[in-house]
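An overview of the molecular structure
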Amino acid sequence: MIAMAATLVLLADFTVSGTVTDGSHALSDAVVWIENGTKPKPSKATVDQKNKRFSPHISVVPVGSKISFPNHDDVFHNVFAEFRAKKFDLGMYPRGQSKSVTFDKSGVVSVLCSVHSEMSAYIIVVDTPYFGKTDSKGRFKFAVGKGEGVLHVWHESGKSLERKIDVEGSQTLELVATKH
């Protein structure tokens, strides 16, 4: 068991960091991930409903993760998604209740509320443990394992990037996402 734990640490002993722009402006809440065949461990996350908004607006989780959707508003909500990566409808539920969904397929999930059309969120489900989300200045940083892979960038504006990457050490990247 000790040897296995040491091996897992070595798989993610480099850091990939940098910025994501559209060529002239920083892209906040862009999702960056590297797929290289390493399978992720599922996690748990929360997308809150408060002030008739989903928070966070953009989430990124590994395949198999379970997300809770607690309602902290004084009104009923009906959280649903109709996308290839995940289809679900949690039905109407009041303040103080929470419902959960397990995301078992990679892809982009657009989450909506059938009661409040102004409510929307995105969940990016990735099949890798190597991912991050940019801050308000377009900066990101995450641990990654050594080897070849495919780097992806997704932004809700429709801008994206996909390219091969060879991680031989820690790297700082300047990424430009464009509309495809």
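Residues numbered from 1 in each chain as written. Predicted model: local features only at pLDDT ≥ 70, side-chain atom pairs only at ≥ 80, totals over all residues. Heavy atoms only, no water.

**Notes on the sheet that holds strand β3 (residues 44-46)**
Counted only if it meets this: What makes two strands pair is DSSP finding at least two bridges between them. Only DSSP runs of H or I covering at least 4 residues are called helices, and only runs of E covering at least 2 are called strands; the numbering of each starts at the N terminus. Axes here mean lines fitted to C-alpha atoms, for a helix over just the part in contact, with angles spanning 0 to 180 degrees between N-to-C directions.
Reading across the sheet, the 3 strands line up as β3-β7-β10 and stay open at both edges, with mixed pairing between neighbours. The outermost strands of the open sheet, each flanked by one partner alone, are β3 and β10 (98-103). Strand-to-strand, the axes of this sheet are offset by a mean angle of 25 degrees, without reference to chain direction. In this structure, strand β7 (residues 65-70) lies alongside β10, joined through 6 bridges in antiparallel fashion. When the bridges of β10 are listed, S65 appears paired with F103.

**A few points about the nonpolar core**
Heads up, the rule is: Only buried Ala, Val, Leu, Ile, Met, Phe, Trp, Tyr and Cys residues count toward a nonpolar core, and they belong to the same one when joined by side-chain atoms within 4.5 Å. Only protein chains enter the area calculation, which uses a 1.4 Å probe; residues under 20% of their type maximum are buried, those over 50% are exposed, and those in between are partly exposed.
Counting 21 residues, the largest nonpolar core has F69, F88, F103, V109, V111 and I123 as its most contacted members. Broken down by secondary-structure element, the contributors of at least two residues to this core are β7, β8 (77-83), β9 (86-93), β10, β11 (107-113) and β12 (120-126). Within the second largest apolar cluster, 19 residues are counted, among which are F14, V16, L27 and L151.

**Regarding the packing of aromatic side chains**
Just so we agree on the cut-off: Ring pairs are drawn from Phe, Tyr and Trp, using the six-membered ring of Trp, whenever the two centres fall within 6.5 Å, and their geometry is named by plane angle: stacked under 30 degrees, edge-to-face over 60, tilted for the rest.
In the structure shown here, the tally under the stated rule is 4 aromatic pairs. One aromatic cluster is present, built from ring pairs that chain together F69, F88 and F103.

**Focus: the environment of A81**
The cut-off we apply is this: The contact definition used throughout considers only heavy atoms, calling two residues in contact when any of these lie within 4.5 Å.
Inspection of the secondary structure puts A81 in strand β8. Distance in space between the C-alpha atoms of A81 and G37 is 28 Å, their sequence separation being 44 residues. Excluding its chain neighbours within four sequence positions, the residues that come into contact with A81 are K86, K87, F88, V109 and S110.

**Side note on the sheet that holds strand β2 (residues 31-35)**
On the basis of which strands lie adjacent, the open sheet formed by 5 strands has the order β13-β2-β15-β16-β18 and antiparallel pairing. Of all the strands in the sheet, just β13 (131-133) and β18 (178-179) have a single pairing partner and so form its edges. In terms of strand pairing, strand β15 (residues 147-154) meets strand β16 (residues 159-167) through 8 bridges, oriented antiparallel. For G147, the partnering residue across the bridge sits in β16 and is V167.

**Here's the deal with the confidence of the model for the protein**
For clarity, the threshold we go by: The predictor reports its confidence for every residue as pLDDT, a score running from 0 up to 100.
Mean pLDDT for the protein: 92, with 93% of residues reaching 70 or above. Throughout residues 1-10 the model reports pLDDT below 50, and contacts reaching past four residues in sequence, or to other chains, amount to 1 contact.

**Quick look at the environment of K164**
Inspection of the secondary structure assignment puts K164 in strand β16. For K164, a relative accessible area of 75% translates into the label exposed. Sequence separation between K164 and I34 is 130 residues; the distance between their C-alpha atoms is 9.1 Å. In contact with K164, not counting residues within four places along its chain, are G149 and V150.

**Overview of unusual backbone geometry**
Across the junction of S55 and P56, the peptide omega takes the value 5 degrees, indicating a cis bond. Tracing the backbone shows P56 in the loop between β5 (53-55) and β6 (58-62). The backbone of D29 shows a phi angle near 60 degrees, a positive value even though the residue is not glycine. Within the chain, K52 stands out as a residue other than glycine whose phi angle is a positive 55 degrees. By secondary structure assignment, the location of K52 is in the loop between β4 (48-50) and β5.

**Side note on the pairing of strand β1 (residues 14-21)**
Across the 8 residues that make up β1, a large majority, 6, are buried. The pairing of β1 with strand β14 (residues 139-144) spans 6 bridges and is antiparallel. When the bridges of β14 are listed, G18 appears paired with F140. Across 6 bridges, β1 lies against strand β17 (residues 171-176) in parallel orientation. Counterpart to V20 in the pairing with β17 is L175.

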